[in-house]
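Fold and contact review
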Number of protein chains: 2
Amino acid sequence: MPKESPEIFLSGIKLSRKSSEPLYAQLYAQLREMIIHGRLRAGDRLPAGRTLAEELGISRVIVSQTYEQLTIEGYLIGKTGSGTFVADTLPDHLLHAGKLKVVSPKPKKEPVVNINESTVRLPASSTENEIVPFHLGVPSLDSFPFKIWHQIGNKVLKDLKKQNLGYNNTLGYWPLRKAIASYLRLSRAVQCEAEQVIIVTGAQQGMNLVAQCLLKRGDKVCIEDPGYFGAASAFANAGVEMCPVPVREDGFDVDYAQATYKNIKLAYVTPSHQFPLGYTLSQEKRKQLLAWAEANDTWILEDDYDSEYRYEGRPLPSLQGLDTCGRVIYCGTFSKVLFPALRLGYLVLPSAEMVQGFKKIKQIIDTQPPLMEQLILCSFMEEGYFLRHIRKMRLLYAERLNTLLTLVKDQLSEFLTPNTSQSGMHLLCWLSDDIDAAKLKAEVRKEKVFVSFPSEYTIQHHMPPSITLGFPAFTKYRLKLGVEKLKVCMERARK
Amino acid sequence: MPKESPEIFLSGIKLSRKSSEPLYAQLYAQLREMIIHGRLRAGDRLPAGRTLAEELGISRVIVSQTYEQLTIEGYLIGKTGSGTFVADTLPDHLLHAGKLKVVSPKPKKEPVVNINESTVRLPASSTENEIVPFHLGVPSLDSFPFKIWHQIGNKVLKDLKKQNLGYNNTLGYWPLRKAIASYLRLSRAVQCEAEQVIIVTGAQQGMNLVAQCLLKRGDKVCIEDPGYFGAASAFANAGVEMCPVPVREDGFDVDYAQATYKNIKLAYVTPSHQFPLGYTLSQEKRKQLLAWAEANDTWILEDDYDSEYRYEGRPLPSLQGLDTCGRVIYCGTFSKVLFPALRLGYLVLPSAEMVQGFKKIKQIIDTQPPLMEQLILCSFMEEGYFLRHIRKMRLLYAERLNTLLTLVKDQLSEFLTPNTSQSGMHLLCWLSDDIDAAKLKAEVRKEKVFVSFPSEYTIQHHMPPSITLGFPAFTKYRLKLGVEKLKVCMERARK
């Protein structure tokens, strides 16, 4: 592949014919300085003599003299046929010079950025890079149909020129919005037309968009406690007042919310598979929640992040599907079904009119979602691969969950009691009384076992000590190793 | 390609053995209703009898009876070998039923979304779909190296499984951050290490991120008047007080800003090629601006949106390159050099420490940029295609600008006087006194000539009537047609 130098781009160089210094000396000094100060780096290619001479409007002789001089001094090396480069090893005395130092700002009064610590408590998984057991929220990447994705992507790239590559609809690629709507209607019983769908670059952008569009500073927002901090952070960032609501075996405690708070502007819930506890919001509670929302003009933000994965019986229909008064905003992501680095998700708003309102704010936050990803995903869905993949993963994850449950039963039963609810992408286990949670935290960190502690997601409603284990991304073998490591940690964490 | 039905997904169906209705009748009624109310649409494939029977825990006979009945009544059609589908034409009496109606919310007190009209004045180009002369800000898409992009993309997709497809660094793909830093150091004289670079999904997200991180409600922000509303919208959305500053032949009027405003938190400038007037900030003004920023702890947001395109002499170094006190935040995009639908851009902050602060807020706004785009762009840059493309486009656009200038001179000289500054992606022309700007606006809209009026980008500093014409995306032929249409509009728009 051709390596090209930044020929016309040496915008730093300024030569003056008025100066007492000869042009040659000026050019020499400036190039040398660029090398010493690191604007030109080891291995960087210099412009061809002719090009630089043209750019600077000087004779080629001057340029070649300068290059020669710098080569003799060891700053440059000429490679026959391929050009002139900055030397890999500079003369010793230069090593003390160091590279260009950037003066960092010394904010005198205020902090550099508007950080309110409550806005930055994101789950570790969003910053971790290596995926190890029992990492949360990561699908089985090794089972992803890369071949098919590649085939479709190849076709998309081949036909790219036929697409509108200019500025596009901020709400997303229309055929993809249609595909998502039809998927949600059938699989999640969401009441949904394509006009209600907004494509976002992941659930996080979706939740932030909801916060930006619907919440004003000082508004009251109910969140599940314990709950997902990604959502809470988006609300906190909008300057709202956080109203924590405890989570029971049958989900978000509507009675508590009703009795404790007034004028709630929005309530954030994960009805299919509460994060992190894994409980499901009961049918009765769903009706109660919707009635409460209608009576108080409260928006419900339903985060259906891993609802595709239900291993007993059929998938539960969404809360949005029961909504008769347009109070529910439905949020979903492809990170849990395909892969997180794809960065596509969706919001479903109660009406197309409301979408037009959101559109105006969305354009300010992020012009439009990336086209290539949308085109690939759209074909992947239209051609039926998406549903097939979900179906395969449901079977695979059910199997992996059972593997994990057996391993826990066989090796960790004295330390852990798994929660009965069996759905989603992580398993909640209660810690036995003789385990010191703090010690355990330190041990798993030391052993590099990724275990998450729901207590870290609590705000004020304390709960018996527990841990959550993600399983979809791990083979039987890796789960086994993970459990063995975890067992060691448990033994060390005894009170 | 296999079409797959949402088999396991008919989560809407609920059968009760307790009901007096036989299972067959319940299933019939519910499927029929799904078809009438549009949850099942013409052409949707129904689950295979066996699958549905398993899902519902009933005998296959019941399912096939139901399908048969619905087929006889014209709701379904069986295609031998390929399955059972919802009929394309439903029995007449159904057409009155209509599809599932979604109740749209009736917000009683407040507007549905937080819209402040000043936050939504975005340039038309960000919503227009078809690209016609003289559309602003769109590069020459027909000259994009699609073959090479396809080759690289194909390789990226082929090796995708080797990448970390989980949750990743919110600041962007590290090798791409390095490639961008080295490009900016050499081509734009930006003082920049990879650690200072944040990859964003376009300049708009970058500017919104700056607003979210650095601006508090009530802060004062200087913007160019006339100026780019995409930036102004992001600031307005953060609740700041807008302080318009007029633009002179040598750019942003620092004296005016200094004399008129106190305690400015941030100033937004487009020094290389002012939007929309096309002026360049003089060297003297640059130094004055930086001194003012240092003295008042003012942040400078430098939007270098189309600086790659300078047709006379060498590219101007960036303002950031002259900054010695870390007050300049540099913002750029790939939309103007590659294509807008790519959605990648960058911020360069004064220090790596500051980047860590931004990171916390960025995670809340949008987890991370999409990986595939970043991988493709990274190879495209590393392999030298990027610089080569910019260089080609510089020559092409210079040619197209000259074509446009000649056409304007030959055919529109009685109506238009082109601005002398020759850089960037659009040409500013002053309107002659006998043209009624309002009439012209109506005419060009009617004729579908995309002409933009700088006066639409003004806040309080009025200026002689002018228009801007984008040219990079258009061949000589299309420019010619555009100018002819424009001439017709001009003649009709005479006072």
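Let me sum up the structure you'll find in this document.

Basis of the calculations
Residues numbered from 1 in each chain as written. Chains lettered and ligands numbered in written order. Predicted model: local features only at pLDDT ≥ 70, side-chain atom pairs only at ≥ 80, totals over all residues. Heavy atoms only, no water. Pairing = 2+ DSSP bridges. Helix = DSSP H or I, 4+ residues; strand = E, 2+ residues; numbered from the N terminus. Axes fitted to C-alpha atoms, helices over the stretch in contact; angles between N-to-C directions. Contact = heavy atoms within 4.5 Å. Buried < 20%, exposed > 50% of the residue type's maximum accessible area, 1.4 Å probe, protein only. Parallel < 35°, antiparallel > 145°, perpendicular 65-115°, else oblique. Left-handed = near helix turned anticlockwise from the far one by under 90°. Right-handed = clockwise from strand over helix to strand, strands pointing away. Nonpolar A, V, L, I, M, F, W, Y, C, P; charged D, E, K, R; others polar. Phe/Tyr/Trp six-rings, centres within 6.5 Å; stacked < 30°, edge-to-face > 60°. Lys NZ or Arg CZ within 6 Å of the ring centre and 35° of its normal. Expected span 1.5 Å × (residues − 1). Core = buried A, V, L, I, M, F, W, Y, C linked by side-chain atoms within 4.5 Å.

**Some thoughts on the sheet that holds strand β11 (residues 416-418) of chain A**
All names here are of chain A. Spatial ordering of the open sheet is given by β11-β12-β13, a layout of 3 strands whose pairing is antiparallel. The sheet is open, and its two edges are formed by β11 and β13 (466-470), each paired on a single side. Across the sheet, the axes of successive neighbouring strands diverge by a mean angle of 35°, strand direction being ignored. One ladder, built from 5 bridges, connects strand β12 (residues 426-431) with β13; its direction is antiparallel. Across the sheet, W430 pairs through a bridge with S466, a residue of β13. Together, β11, β12 and β13 form the strand contacts of helix α12 (residues 385-412), whose direction differs from that of β11 by roughly 150°.

**Let's talk about helix α7 (residues 229-237) of chain A**
Residue and element names in this part refer to chain A. With 9 of 9 residues buried, α7 lies mostly within the body of the structure. Listed in full, the buried residues belonging to α7 are F229, G230, A231, A232, S233, A234, F235, A236 and N237. Once α7 finishes, G239 follows within two positions and takes phi at roughly 80°, a positive value.

**Remarks on the packing of helix α6 (residues 203-214) of chain B against helix α7 (residues 229-237) of chain B**
A pair of packed helices is characterised by two quantities: the angle between their axes and the separation of those axes. All names here are of chain B. Packing of α6 against α7 leaves a shortest axis separation of 9 Å and a crossing angle of 30°. The orientation of α6 relative to α7 falls into the category roughly parallel. For the element pair α6 and α7, the recorded crossing hand is right-handed. From α6, Q204, M207, N208 and A211 reach across to α7, where they touch G230, A231, A234, F235 and N237.

**Quick notes on the pairing of strand β7 (residues 264-269) of chain B**
Residues and elements named next belong to chain B. Across the 6 residues that make up β7, a large majority, 6, are buried. Note: strand β4 (residues 220-225) against β7, 4 bridges, orientation parallel. Looking across to β7, one finds that I223 is bridged to Y268. Bridge analysis of β7 against strand β8 (residues 299-303) gives 4 bridges, and the strand direction is parallel. If you follow V269 over to β8, its bridge partner there is E302. The parallel pair β7 and β8, bridged by helix α9 (residues 283-296), forms a crossover whose chirality is right-handed.

**Quick notes on the packing of helix α6 (residues 203-214) of chain A against helix α10 (residues 352-365) of chain A**
All names here are of chain A. It is at 10 Å that the axes of α6 and α10 come closest, and there the two elements cross at 110°. It follows that α6 is roughly perpendicular to α10 by the angle criterion. Facing N208, L209, V210, Q212, C213 and L214 of α6, the residues of α10 in contact are M354, F358, I361, K362 and I365. Residues of the contact of α6 with α10, tallied by class, amount to 8 nonpolar, 2 polar and 1 charged.

**So, the pairing of β13(A)**
For β13(A), a buried count of 5 out of 5 residues is recorded, marking the element as mostly surrounded by other parts of the structure. Alternating residues of β13(A) divide into S466(A), T468(A) and G470(A) and I467(A) and L469(A), and every residue in both groups is buried.

**As for the environment of F134(B)**
All names here are of chain B. By the element assignment, F134 lies in the loop between β2 (83-86) and α4 (146-158). Classification of F134 by relative accessible area gives buried; the value is 0%. When the C-alpha atoms of F134 and L479 are compared, they prove to be 7.9 Å apart, with 345 residues separating the residues in sequence. Leave out the neighbours within four places in its chain, and F134 touches L404, V449, F450, V451, L469, G470, F474, L479, G482, V483 and L486.

**Remarks on the packing of aromatic side chains**
One pass over the full model with this rule turns up 37 aromatic pairs over all chains. Consider the rings of Y256(A) and Y261(A), whose centres lie 6.3 Å apart with planes at 70°: the pair is edge-to-face. Here Y256(A) falls in the partly exposed class, since its relative accessible area comes to 23%. Between F334(B) and F386(B), the aromatic rings sit 5.6 Å apart at their centres with planes inclined by 70°, giving edge-to-face as the arrangement. Of this pair, F334(B) sits in the loop between β9 (328-333) and β10 (345-348) while F386(B) sits in helix α12 (residues 385-412), placing them 52 residues apart in sequence. The same class applies to F334(B) and to F386(B), which are both buried. R327(B) extends its terminal NZ or CZ atom over the ring of W299(B), reaching a point 3.9 Å from the ring centre. One residue, K441(B), lies across the ring of F453(B), its end atom 5.1 Å from the ring centre.

**Quick word on helix α5 (residues 174-188) of chain A**
Residues and elements named next belong to chain A. Here α5 spans 20 Å end to end across 15 residues, near enough to the 21 Å set by a 1.5 Å rise per residue. Judged by how many residues are buried, α5 sits mostly within the fold: 11 of 15 residues are covered. Taken together, the buried positions of α5 are L176, R177, A179, I180, A181, Y183, L184, R185, L186, S187 and R188. Among the structural elements, β3 (197-200), β9 (328-333), β10 (345-348), α10, α11 (371-382) and α12 are those in contact with the buried residues of α5. Directly beyond the C-terminal end of α5, a positive phi value near 55° is found at A189.

**Focus on the nonpolar core**
One recurring pattern in soluble globular proteins is that nonpolar side chains are buried together. With 160 residues, the main nonpolar core has W149(A), L338(A), I467(A), W149(B), L338(B) and I467(B) as its most contacted residues. Not counting residues up to four positions away in its chain, the partners in contact with W149(B) are L157(A), L160(A), M372(A), F144(B), L338(B), F339(B), L342(B), I376(B), L377(B) and F380(B). If you look at the next biggest cluster of nonpolar residues, it comprises 76 residues, including L347(A), V355(A), A232(B) and Y457(B).

**Section: the sheet that holds β4(B)**
Residues and elements named next belong to chain B. A sheet is described by the order of its strands in space; here 8 strands give the open sequence β3-β10-β9-β8-β7-β4-β5-β6, paired in mixed fashion. Looking at which strands have only one partner, the edges of the open sheet turn out to be β3 (197-200) and β6 (251-252). Here 4 bridges tie β9 to β10, and the two strands are oriented antiparallel to one another. Counterpart to G332 in the pairing with β10 is Y346. In this fold α6 packs onto β3, β7, β8, β9 and β10, with an angle of close to 155° to the strand it touches most, β9.

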